[in-house]
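Structural overview
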Amino acid sequence: MWTLQYNEFKPENQGLREALCTLGNGYFATRGAGEEAVADDVHYPGTYLAGGFNRMKTEISGRMVENEDLVNFPNWLPLNFKPEGGKWFNLKDVEILSYRKELHIREGMLEREVKFKDSEGRITTLISYRFVHIREMHLAAIKMIIRPENWSGKIQIRSALDGTVVNKGVERYKALRGDHLIARDGGPVGDDGIWLKVETKQSRIRMSQAARTRLYDERGVQVFPHRELLEESGFIAHRLDCEVEEGKELSVEKIVALYTSRDKAISESGLEARNAIRDADTFEELFATHKKRWEYYWDRTDITFDEDGGRMQLILRLHIFHIIQTTSMNSLDLDFSIPARGLHGEAYRGHIFWDEMFILPFLNYRLPEITRSLLLYRYRRMGVARRAAKKENLKGALFPWQSGSNGREETQELHLNPRSGKWDPDHTHLQRHVNAAIAFNVWHYYQTTHDIEFLCSYGAEMLVEIARLWDSLATYNEELDRYEIKKVVGPDEYHEGYPDSDEPGLNNNTYTNVMAVWCICRAIESLQLIDPECRKEITDKVDLKDDEISRWHDIAKKMLIVFERDGIPAQFEGYEDLKELDWDAYKEKYGDLHRLDRILKAEGDNPNRYKISKQADVLMLFYLFSFEALEELFNRLGYELKREKLSEIVEYYLARTDHGSTLSRVVHSWVLARFDRKQSWELFKEALESDISDIQGGTTKEGIHLGAMAGTVDLVQRCFTGLAIRDDIIWLNPALPEEVRNLHFRIRYFGNWLDLAFNCNEVTITAGTGRGEKMKVGLNGNTFELEPDQRKQVKL
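So, here's what we can say about the structure. (Residues numbered from 1 in each chain as written. Predicted model: local features only at pLDDT ≥ 70, side-chain atom pairs only at ≥ 80, totals over all residues. Heavy atoms only, no water.)

**Looking at the overall build of the protein chain**
Helix and strand counts for the protein chain stand at 20 helices and 32 strands. Taken over C-alpha atoms, the radius of gyration comes to 27 Å for the protein chain, in line with the 28 Å a tight globule of 796 residues would show. Each of the three principal axes of the protein chain carries a C-alpha extent, and together these read 90 × 70 × 55 Å. Among the 796 residues that make up the protein chain, the fraction classed as buried is 63%. Long-range contacts, defined as pairs at least 24 residues apart, comprise 68% of the intrachain contacts of the protein chain with a sequence gap of at least 6. For the protein chain, the accessible surface area stands at approximately 30400 Å², while carbon and sulfur atoms represent 44% of it. Of note, the protein chain has its 108 positive side-chain charges centred 2 Å away from the centre of its 130 negative side-chain charges. (Helix = DSSP H or I, 4+ residues; strand = E, 2+ residues; numbered from the N terminus. Rg over C-alpha atoms; globule rule 2.2 N^0.38 Å. Buried < 20%, exposed > 50% of the residue type's maximum accessible area, 1.4 Å probe, protein only. Contact = heavy atoms within 4.5 Å. Areas by Shrake-Rupley, 256 points an atom, 1.4 Å probe, with all protein chains shown as cover. Lys, Arg positive; Asp, Glu negative; His and termini not counted. Charge placed at Lys NZ, Arg CZ, Asp CG, Glu CD.)

Below is the structure:
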């Protein structure tokens, strides 16, 4: 199952399909709109650059608000035709006789075929193929075939680069300015090319695009039409005049190059783009190298998943496809991390949140070079994070909940509630747990790769500075002889404060407090792992004193965890005293409750009053850690975590969660997997459908949910198989759902490849050549070593 296919044109679904059919290469990505499409109530073409941000100010409710957006850069797609005396092709203006749109996931190719009749009775078949080159990161290509079925005559073809585009892809942001681009230059390139340069208004990113358009008859012989150059501010096009014959195909080939002022090893972006289209191969030649590179990625990343129907296999591959399109080997030299909504749309303004925690486990085991590059995005912003901490009288590094260009806090102060039409205060910047996510990512990259040089040069310093942050956030309560963390927001964003309180923030969020302890322990361990000279260099650089480390040890033994009366860890102090929501009444009134916060606020109520959750909060701990690891953390704090209490904890919070985040089903499926496999499987299936079926009712068209996509892949990779690394041993503890007959994938550990094949009876493990070293594997409670090229079958 490698093809996502649509066999009819549905205007109401085009936004969703354009997001799902986005093509990219880790450097830039372009939504899957038709070549003739313009931004309107049906279509939204968009091209987004990795790290391509710009800031604009807008007056809202009498206040000047600055927002930073992932910029919609010039649209390179425009390629259209019209018969002499007719209209430019538009799906709205013709009778569609047949329609087919296919995303070929294996090859990274988007294909569309439309047969239509225009107002003059002319029947035409239009076929287009498109790809964004996964190896040659600056190139993309379109091939359009025009076949008149019952007519002959003159036609005009228009091939353009459109820099007049704006950011207007999210309805609730339309009150904000989106005019990010200024036209700078452009013109012809030889006889068959055009080029355009634009610049972002604040960040001064200059992007140049160049396009070469050539025509070929059905024999593949080039046709040389009359051309006319069309130029307006921010827009340039070639209009080509030629003739077509009934039943004969005319092919239009458009090769595009895209460069920016931030690229390495260039002179000037316009010069490079123009040179690139002069030297570029044909569509077929470029596609051959593009396809070959995708073979490399699929060899490393494919997961074969045998279940009835094959739909899940298709969706799983679609998710892997979009991970790679967002961050590939082309991303290694970029100052870039992964936007929560990919490079697929403008939701969340393209900001980076904590979703890396759900995405990087997939990359760690296959493309760890990419993980390393993404972690350096955070390291480069340590200076801004230190200043943010200092501004709040804290030590260490305070990373933002929403990050963009330079690492400042991008969380907006106001957020539009689409139900009420009002701008509500936004306190989600208090989600300090994003710092724990960064530490978690650093540590697990090291565990998977043993990249001690990374730990010495970057990782340990990040862990130390994050530990210092938790140290300074923790206050000592003499009466309890415990440390507390106050005025934070946990992963559940529905609760930003206490009922009837004007002060934002909550006290002693269990997830935050436990993660703070874990971070401190890892910082101490990292300093022990690195060599003495490196340790001294880091401690001198950040001026870390012995008394600070002594306090860390104390915090790591005395952090407060609040429990409810029946022994369930409280989401936060005071959660037990909140009101229960009448779920049945709200379901009857509203049906879809996936954003209860907006519903309650629109009613003049407040979600802070109720025991409700947008997504897993306490349960995130059971997602990130095995029960044994979590039990050890609780024990070191002097608390008992009973295994027999786990199902009660999960059921308590699951019953009060509306899955307002696509991440929620991923987490709940994971934590249910070991004791309620039926419910776990149902949530897994729902999580898989999050984007492809747009189960949140219209959000995917604004950009995919990459964390949830990667989370479903990780569920198969780690949860179904029990894959984990402990004490330099690859541990497996398979628990395949009954519906999964076979599962197969490859992982890379410490430079060595391991082939893993699972069924309900046995596991087959094959070691690759790699570095030629032995690998230790643990299964069924036993450990064994594998030599290079050795295969071992183990009965379950």
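**Here's the deal with the packing of helix α18 (residues 663-672) against helix α19 (residues 677-692)**
Two numbers describe how α18 lies on α19: the axes approach to 8 Å, and their chain directions differ by 155°. Classified by the interaxial angle, the pair formed by α18 and α19 is roughly antiparallel. Here α18 and α19 pass one another in a crossing that is left-handed. Residue-level inspection shows Arg-665, Val-666, His-668, Ser-669 and Leu-672 of α18 in contact with α19, the latter providing Arg-677, Gln-679, Ser-680, Leu-683, Phe-684, Glu-686 and Ala-687. (Axes fitted to C-alpha atoms, helices over the stretch in contact; angles between N-to-C directions. Parallel < 35°, antiparallel > 145°, perpendicular 65-115°, else oblique. Left-handed = near helix turned anticlockwise from the far one by under 90°.)

**Describing the side chain of Asp-217**
Within the fold, Asp-217 resides in the loop between β15 (206-216) and β16 (222-223). Taking the relative accessible area as the measure of exposure, Asp-217 reaches 17% and is therefore buried. There is a polar contact of 2.8 Å between the side chain of Asp-217 and the side chain of Arg-219. Those residues within four positions of Asp-217 in sequence are excluded, and the remaining contacts are Val-223 and Glu-249. (Polar contact = N/O pair within 3.5 Å; in protein donor to acceptor, adjacent residues only side chain to side chain.)

**As for the side chain of Ser-661**
Along the chain, Ser-661 falls in the loop between α17 (646-654) and α18. Within polar-contact distance, the side chain of Ser-661 engages the backbone nitrogen of Leu-663 at 3.1 Å. Once residues within four sequence positions are removed from consideration, Ser-661 is found in contact with Lys-614, Gln-615 and Gln-696.

**A look at the packing of aromatic side chains**
One pass over the full model with this rule turns up 38 aromatic pairs. Ring centres of Tyr-379 and Tyr-458 lie 4.9 Å apart, and the angle between their planes is 75°; on these two criteria the pair is classed as edge-to-face. Here Tyr-379 is found in helix α6 (residues 368-379), whereas its partner Tyr-458 is found in helix α9 (residues 452-473), with 79 residues between them in sequence. Linked through ring pairs, Tyr-348, Phe-353, Trp-354, Phe-358, Trp-401, Tyr-623 and Trp-670 together constitute an aromatic cluster. Of note, Arg-274 hangs over the ring of Trp-195, and the distance from its end group to the ring centre comes to 4.3 Å. The ring of Trp-753 has Arg-746 sitting right over it, with the charged end atom 4.3 Å from the ring centre. (Phe/Tyr/Trp six-rings, centres within 6.5 Å; stacked < 30°, edge-to-face > 60°. Lys NZ or Arg CZ within 6 Å of the ring centre and 35° of its normal.)

**What to know about the environment of Arg-158**
Note on placement: Arg-158 falls in strand β12 (residues 153-162). Note on Arg-158: relative accessible area 27%, which makes it partly exposed. For the pair Arg-158 and His-744, spaced 586 residues apart in sequence, the C-alpha separation works out to 47 Å. Setting aside residues up to four positions removed in sequence, Arg-158 forms contacts with Pro-78, Leu-79, Asn-80, Trp-88, Leu-230, Ala-237 and His-238.

**Some words on the nonpolar core**
Counting residues in hydrophobic clusters, the biggest one holds 230 residues, and the most contacted among them are Ile-157, Phe-305, Trp-354, Met-620, Phe-622, Leu-743 and Leu-754. If near-sequence neighbours (up to four positions away) are discounted, Leu-754 is found in contact with Ile-730, Phe-745, Arg-746, Ile-747, Ile-765, Thr-766, Ala-767, Met-775, Val-777 and Leu-786. Membership of the second largest hydrophobic core comes to 17 residues, among which are Phe-131, Tyr-259, Ala-273 and Ala-280. (Core = buried A, V, L, I, M, F, W, Y, C linked by side-chain atoms within 4.5 Å.)

**Thoughts on the environment of Thr-30**
As for its position among the elements, Thr-30 is in strand β3 (residues 28-30). Among the polar contacts made by the side chain of Thr-30, one reaches the side chain of Thr-47 at a distance of 2.9 Å.

**With respect to the sheet that holds strand β29 (residues 762-767)**
Across the sheet, five strands lie side by side as β20-β27-β28-β29-β32; this open sheet has antiparallel pairing. Strand pairing shows two members of the sheet lacking a second neighbour, β20 (304-306) and β32 (791-795), which therefore form its edges. Taken pair by pair, the neighbouring strands of this sheet meet at an average axis angle of 20°, ignoring direction. With three bridges joining them, β20 and strand β27 (residues 742-749) adopt antiparallel strand pairing. Residue pairing across strands places Thr-304 opposite His-744, the latter belonging to β27. (Pairing = 2+ DSSP bridges.)

**What to know about the environment of Phe-235**
Inspection of the secondary structure assignment puts Phe-235 in strand β18 (residues 235-244). Distance from Phe-235 to Lys-579, taken between C-alpha atoms, is 57 Å for residues 344 residues apart in sequence. If near-sequence neighbours (up to four positions away) are discounted, Phe-235 is found in contact with Ala-160, Leu-161, Asp-162, Thr-164, Leu-196 and Leu-230.

**Quick look at the pairing of strand β11 (residues 139-148)**
Of all ten residues in β11, nine are buried, a share of seventy percent or more. The pairing of strand β10 (residues 123-132) with β11 spans nine bridges and is classified as antiparallel. Bridge pairing links Tyr-129 to Lys-143 in β11. The hairpin formed by β10 and β11 contains six residues between the paired strands. Direction of pairing for β11 relative to strand β19 (residues 250-260): antiparallel, over a ladder of eight bridges. Across the sheet, residue Lys-143 finds its bridge partner in β19, namely Glu-253.

**Side note on empty space enclosed by the protein**
Within this structure, the stated rule accounts for five cavities of 30 Å³ or more. Considered as a void within the structure, the largest cavity measures approximately 100 Å³ in volume. Along its surface, the largest cavity is lined by Asp-69, Asn-167, Lys-168, Gly-169, Val-170, Tyr-173, Leu-176, Arg-177, Gly-178, Glu-346 and Arg-349. Residues belonging to the lining of the largest cavity are distributed by class as follows: three nonpolar, three polar and five charged. Of the volumes computed, that of the second largest cavity is approximately 70 Å³. Forming the walls of the second largest cavity are Ala-673, Arg-677, Ser-680, Trp-681, Phe-720, Ala-735 and Pro-737. Residue composition of the lining of the second largest cavity, grouped by class: five nonpolar, one polar and one charged. (1 Å grid on protein atoms, 1.4 Å probe; cavity = no way out; pocket = protein on both sides within 12 Å on 5 of 7 lines; lining within 4 Å. Points joined across faces, edges and corners; volume = space filled by probe spheres on them. Nonpolar A, V, L, I, M, F, W, Y, C, P; charged D, E, K, R; others polar.)

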